[in-house]
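Chain by chain, the residues run as shown.
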Amino acid sequence: MGKFRGWHILAGIAALVLTGILGTAMGLNYTAAFMAGCVAFVAVALWTDSRISRRRQHGARETARETTRPSARPVAARPDGEQDPVLRDDR
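Definitions and limits used
- Residues numbered from 1 in each chain as written.
- Predicted model: local features only at pLDDT ≥ 70, side-chain atom pairs only at ≥ 80, totals over all residues.
- Heavy atoms only, no water.
- Helix = DSSP H or I, 4+ residues; strand = E, 2+ residues; numbered from the N terminus.
- Expected span 1.5 Å × (residues − 1).
- Buried < 20%, exposed > 50% of the residue type's maximum accessible area, 1.4 Å probe, protein only.
- Arc of directions from axis to C-beta.
- Contact = heavy atoms within 4.5 Å.
- Patch = residues over 30% accessible without salt bridge, like charges linked within 9 Å, V, L, I, M, F, W, Y side chains within 5 Å.
- Areas by Shrake-Rupley, 256 points an atom, 1.4 Å probe, with all protein chains shown as cover.
- Salt bridge = Lys/Arg side-chain N within 4 Å of Asp/Glu carboxyl O.
- Axes fitted to C-alpha atoms, helices over the stretch in contact; angles between N-to-C directions.
- Parallel < 35°, antiparallel > 145°, perpendicular 65-115°, else oblique.
- Left-handed = near helix turned anticlockwise from the far one by under 90°.
- Nonpolar A, V, L, I, M, F, W, Y, C, P; charged D, E, K, R; others polar.

A. The arrangement of the environment of Gly 6 in detail. Among the secondary structure elements, Gly 6 is positioned in the segment before α1 (7–25). It is 9.6 Å that separates the C-alpha atoms of Gly 6 and Ala 45, two residues lying 39 residues apart in sequence.

B. Representation of α1. Between its first and last C-alpha atoms α1 spans 27 Å; for 19 residues at 1.5 Å apiece the expected length is 27 Å, and the two agree. The set of residues buried in α1 consists of His 8, Gly 12, Ala 15, Gly 20 and Gly 23. Axial view of α1: buried residues confined to an arc of 135°, hence all on one face. Summarising the geometry of α1, the exposed residues directed more than 90 degrees from the buried face are Leu 18, Ile 21 and Ala 25. At its buried positions, α1 is contacted by α2 (30–67). Two residues or fewer after α1 comes Gly 27, characterised by a positive phi angle close to 100°.

C. Representation of the side chain of Thr 48 within the structure. Of note, Thr 48 is situated in helix α2. Once residues lying within four places of it in the same chain are set aside, the contact partners of Thr 48 are Trp 7, His 8 and Ala 11.

D. Expanded view of a nonpolar patch on the surface. Taken together, the side chains of Phe 4, Trp 7, Ile 9, Leu 10, Ile 13, Val 17 and Ile 21 make up a nonpolar region of the molecular surface, amounting to roughly 630 Å² of accessible area. Residue placement: Val 17 occurs in helix α1.

E. Spotlight on α2. The end-to-end C-alpha distance of α2 is 55 Å, a good match for the 56 Å that 38 residues give at a rise of 1.5 Å each. Of the surrounding elements, those touching the buried residues of α2 are α1.

F. Representation of the environment of Ile 21. Along the chain, Ile 21 turns up in helix α1. Given the relative accessible area of 52%, Ile 21 is considered exposed. When the C-alpha atoms of Ile 21 and Ala 33 are compared, they prove to be 7.8 Å apart, with 12 residues separating the residues in sequence.

G. Focus on the packing of α1 against α2. Running from amino to carboxyl end, α1 crosses α2 at an angle of 150°, the nearest separation of the two axes being 7 Å. It follows from the interaxial angle that α1 and α2 lie roughly antiparallel. In this structure, α1 crosses over α2, and the sense of that crossing is right-handed. Along its contact with α1, which presents Trp 7, His 8, Ile 9, Ala 11, Gly 12, Ile 13, Ala 15, Leu 16, Thr 19, Gly 20, Gly 23 and Thr 24, the element α2 presents Ala 33, Ala 36, Gly 37, Cys 38, Ala 40, Phe 41, Val 44, Ala 45, Thr 48, Asp 49 and Ile 52. Of the residues belonging to the contact of α1 with α2, the class tally is 14 nonpolar, eight polar and one charged.

It is worth stressing that arrangement in space is one thing and function is another; only the former is reported here.
Written as structure tokens, this is what we have:
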């Protein structure tokens, strides 16, 4: 997908064209076919934008979750044998 941010617009245009062709083939006049195409454009563009946003948010959440995982390094004990209260795991 890369850095291109217009996938929802391209999907909407494809839906508009397909709906226009199908509307004309069904015998609708040009105004009705165009209106149906515009409705399809808006619906598909919004749906595609929503799906892309969800995928990006999910990826960002996974990345944040991976970077905030505790390290596998053991915590060093203080000289008196107690762990530092800030680093202690109280789960």
